[in-house]
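Breakdown of the fold
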Amino acid sequence: MNQINEEIKSLIRQLEKKVKELISAFSNAYALDFKEIIGYRSLSNLSEIRLNPFKISNQTVNNAVIAAPMAGISDNTYRIFAKYFGSSLTFSEMAASFGLIYNHERSFDIASVTDFERPCAVQIFGNNPDVIAEAASLIEENADIVDINMGCPVPKILKTGSGGYLLRDPERIRNIVKALKQKIKKPVTVKLRLGWDESSINVLDIAKIAESEGADAVAIHGRTVKQGYSGKADYEHIRQVKSAIKIPVIASGDIDNAYKAKQVLDHTGCEGLMAGRVARGNPWIFTQLLLGLLSLKADEYPKRNSLLGKNIDYQNIISGNDDLSISNNLKIDILLLYLKFLIYFKGEYKAVKEFRKITGWAFKGKRDISSIRNEFFKMNNFSDAEK
């Protein structure tokens, strides 16, 4: 076995140890023995926990917690941590369909998936049905699912007629899904928003079109394209879509704690939900969401009833105030391990440069952090990061 494979295996073993520490931390905070509830010793990672599993075509998704795709963030390292910390499905960043067609190295790097992050959906963007279908065929073997972004609100994507701009052209969406289903055999999903703006909310019609042409699932962010990330996510339109179509629906937008996650799942009836921006510099959010949902499903887990702590305010804990259960030392250990993975995949120079923003996100809002925040952006190597 070559040295590279041994290196990644060593990193994975270190990651598995951190998963055990996270389980212990949350067990203490919730006064529950999660080791007993989840059959802890038989798990190699938390994504194996089966909690209302569902299928996207022939692909099983073990639980409702899913890591949303984010440009510049959802790389191999992010996806591996998301999976081991509980995400049942991961997504790549957006790969340009024309970039794949013309064999651009960057596009294929985005679409590269290791076995440590599966099941993984490779996400493509573009506006030409034939080009998208051909691009999908080039990465199909490496992907577990092929996802088409039809909701991105970033101006440079919209200018190409891609991403969220497609919501203004339902027939083009129809042709894209049709072309994909004719070209590839892997499951096809689409990521949508509610519509272009408040006066043209058409997600229900778009979802019906996607389903009619063979899409295997849809993910919906509860904002319009024009909203970007402003305002609050609207889950009512997502609920209406779920009640009208039979394929799985994944809800997205403002889901940042387990109590909110349960509310969204109960209100919409969706099979899954996505955590996005809240996970930046915060990969343990997937553990918080999954173990929180597990805790809230008390009646389905008889063992839990005998393990409940006295006088525990679960709603308060699971609403996000349990962050204190993860010590700063554990966070630092996890983040430094995250950097080791980044270095493995990207080399030290590029990895440390990306790590600067991750530390900024990880400790944002923490007391007394402003005095050292500038030091994060002076890191040039792993030794600097440790200090």
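Okay, so let's go over this structure. Everything quoted here is computed from the prediction, not taken from an experiment.

1. Some words on the packing of aromatic side chains
- Under the defined criterion, the tally for this structure stands at eight aromatic pairs.
- Ring centres of Phe81 and Phe341 lie 5.2 Å apart, and the angle between their planes is 85°; this geometry places the pair in the edge-to-face category. Taken as a pair, Phe81 in helix H3 (residues 76–84) and Phe341 in helix H15 (residues 328–346) lie far apart in primary sequence, 260 residues in all.
- Overall, Phe341 belongs to the buried group, its relative accessible area being 0%.
- Considering the side-chain rings of Tyr344 and Phe345, the 4.9 Å spacing of their centres and the 80° angle between planes classify their relative orientation as edge-to-face.
- Taking the relative accessible area as the measure of exposure, Tyr344 reaches 22% and is therefore partly exposed.
- An aromatic cluster of at least three residues, connected via ring pairs, comprises Phe81, Phe85, Tyr338 and Phe341.
- When the ring centre of Trp196 is taken as origin, the NZ or CZ atom of Arg168, which lies over that ring, is 4.5 Å away.
- Here Arg193 stacks its cationic end above the ring of Tyr229, 4.9 Å away from the centre of that ring.

2. Quick look at the sheet that holds strand S6 (residues 145–150)
- With parallel pairing, the eight strands of this open sheet are ordered in space as S3-S10-S9-S8-S7-S6-S5-S4. Pairing within the sheet leaves two strands with one partner each, and these edge strands are strand S3 (65–67) and strand S4 (90–96). Across this sheet, the average inter-strand angle for adjacent strands is 30°, counted without regard to direction.
- On the sheet, helix H6 (residues 129–139) packs against strand S5 (120–125) and S6 and is oriented at approximately 150° with respect to S5.
- Here helix H10 (residues 236–244) sits on the sheet and contacts strand S8 (217–221) and strand S9 (249–252); the angle it forms with S9, its principal contact strand, is near 175°.

3. Observations concerning the pairing of S6
- Where burial is concerned, most of S6 is hidden: six out of the six residues are buried.
- Neither face of S6 is left uncovered, since the one carrying Ile145, Asp147 and Asn149 and the one carrying Val146, Ile148 and Met150 both have all their residues buried.
- Taken together, the four bridges between S5 and S6 define a ladder with parallel strand orientation. What sits directly across from Gln123, in S6, is Asp147.
- Read as a crossover between parallel neighbours, the route from S5 over H6 to S6 is right-handed.
- As paired strands, S6 and strand S7 (residues 188–193) are joined by five bridges and run parallel to one another.

4. Thoughts on unusual backbone geometry
- Cis geometry marks the peptide bond from Arg118 to Pro119; its omega dihedral reads 0°.
- Along the chain, the position of Pro119 falls in the loop between helix H5 (105–110) and S5.
- Positioned with a positive phi, Asp254 is a non-glycine residue whose angle comes to about 65°.
- Relative to the elements of secondary structure, Asp254 occurs in the loop between S9 and helix H11 (258–268).
- Classification of Asp254 by relative accessible area gives partly exposed; the value is 26%.

5. Here we look at the environment of Val122
- Note that Val122 resides in strand S5.
- Considered as a pair, Val122 and Ala95 are 27 residues apart in the sequence and their alpha carbons are 7.9 Å apart.
- Val122 has contacts with Ser92, Ala111, Val113, Ile139, Ala143, Ile145, Val146 and Asp147, leaving out every residue within four places of it along the chain.

6. So, a nonpolar patch on the surface
- A cluster of nonpolar residues, Phe98, Ile101, Tyr102 and Leu138, forms a patch on the protein surface that exposes about 390 Å² of accessible area.
- Position of Tyr102 among the secondary structure elements: in the loop between helix H4 (97–101) and H5.

7. Describing the pattern of salt bridges
- Going through the model one piece at a time under the given rule, you end up with 18 salt bridges.
- For Asp144, the salt bridge is made with Arg118, and the minimal N-O distance between the two is 3.2 Å. Linking Asp144 in the loop between H6 and S6 with Arg118 in the loop between H5 and S5, this pair joins segments that are 26 residues apart in sequence.
- The salt bridge involving Glu271 is made with Lys242; its shortest N-O contact spans 2.9 Å. Taken as a pair, Glu271 in the loop between H11 and strand S10 (272–275) and Lys242 in helix H10 lie far apart in primary sequence, 29 residues in all.
- Through salt bridges with shared partners, a single ionic network connects Lys18, Glu21 and Asp333.

8. As for the side chain of Ser92
- Within the secondary structure, Ser92 sits in strand S4.
- Here Ser92 falls in the buried class, since its relative accessible area comes to 0%.
- A polar side-chain atom of Ser92 sits 2.9 Å from the main-chain amide nitrogen of Gln123.
- Those residues in contact with Ser92 that sit more than four places away from it in its chain are Pro69, Ser74, Arg79, Ile110, Cys120, Ala121, Val122 and Gln123.

9. Some remarks on the packing of H6 against helix H8 (residues 170–183)
- Packing of H6 against H8 leaves a shortest axis separation of 8 Å and a crossing angle of 35°. When you trace H6 past H8, the crossing you get is right-handed. Side by side, H6 and H8 meet where Pro129, Ile132, Ala133, Glu134, Ala136 and Ser137 of the first sit next to Arg172, Asn175, Ile176, Ala179, Leu180 and Lys183 of the second.
- When grouped by side-chain class, the residues that make up the contact of H6 with H8 number seven nonpolar, two polar and three charged.

10. Observations concerning the pairing of S5
- For S5, a buried count of six out of six residues is recorded, marking the element as mostly surrounded by other parts of the structure.
- The side-chain alternation of S5 yields two buried faces, one formed by Cys120, Val122 and Ile124 and the other by Ala121, Gln123 and Phe125.
- Where S4 meets S5, five bridges bridge the pair, whose relative direction is parallel. Counted as the bridge partner of Phe91 is Ala121 from S5.

Definitions and cut-offs
Residues numbered from 1 in each chain as written. Predicted model: local features only at pLDDT ≥ 70, side-chain atom pairs only at ≥ 80, totals over all residues. Heavy atoms only, no water. Phe/Tyr/Trp six-rings, centres within 6.5 Å; stacked < 30°, edge-to-face > 60°. Helix = DSSP H or I, 4+ residues; strand = E, 2+ residues; numbered from the N terminus. Buried < 20%, exposed > 50% of the residue type's maximum accessible area, 1.4 Å probe, protein only. Lys NZ or Arg CZ within 6 Å of the ring centre and 35° of its normal. Pairing = 2+ DSSP bridges. Axes fitted to C-alpha atoms, helices over the stretch in contact; angles between N-to-C directions. Contact = heavy atoms within 4.5 Å. Right-handed = clockwise from strand over helix to strand, strands pointing away. Patch = residues over 30% accessible without salt bridge, like charges linked within 9 Å, V, L, I, M, F, W, Y side chains within 5 Å. Areas by Shrake-Rupley, 256 points an atom, 1.4 Å probe, with all protein chains shown as cover. Salt bridge = Lys/Arg side-chain N within 4 Å of Asp/Glu carboxyl O. Polar contact = N/O pair within 3.5 Å; in protein donor to acceptor, adjacent residues only side chain to side chain. Left-handed = near helix turned anticlockwise from the far one by under 90°. Nonpolar A, V, L, I, M, F, W, Y, C, P; charged D, E, K, R; others polar.

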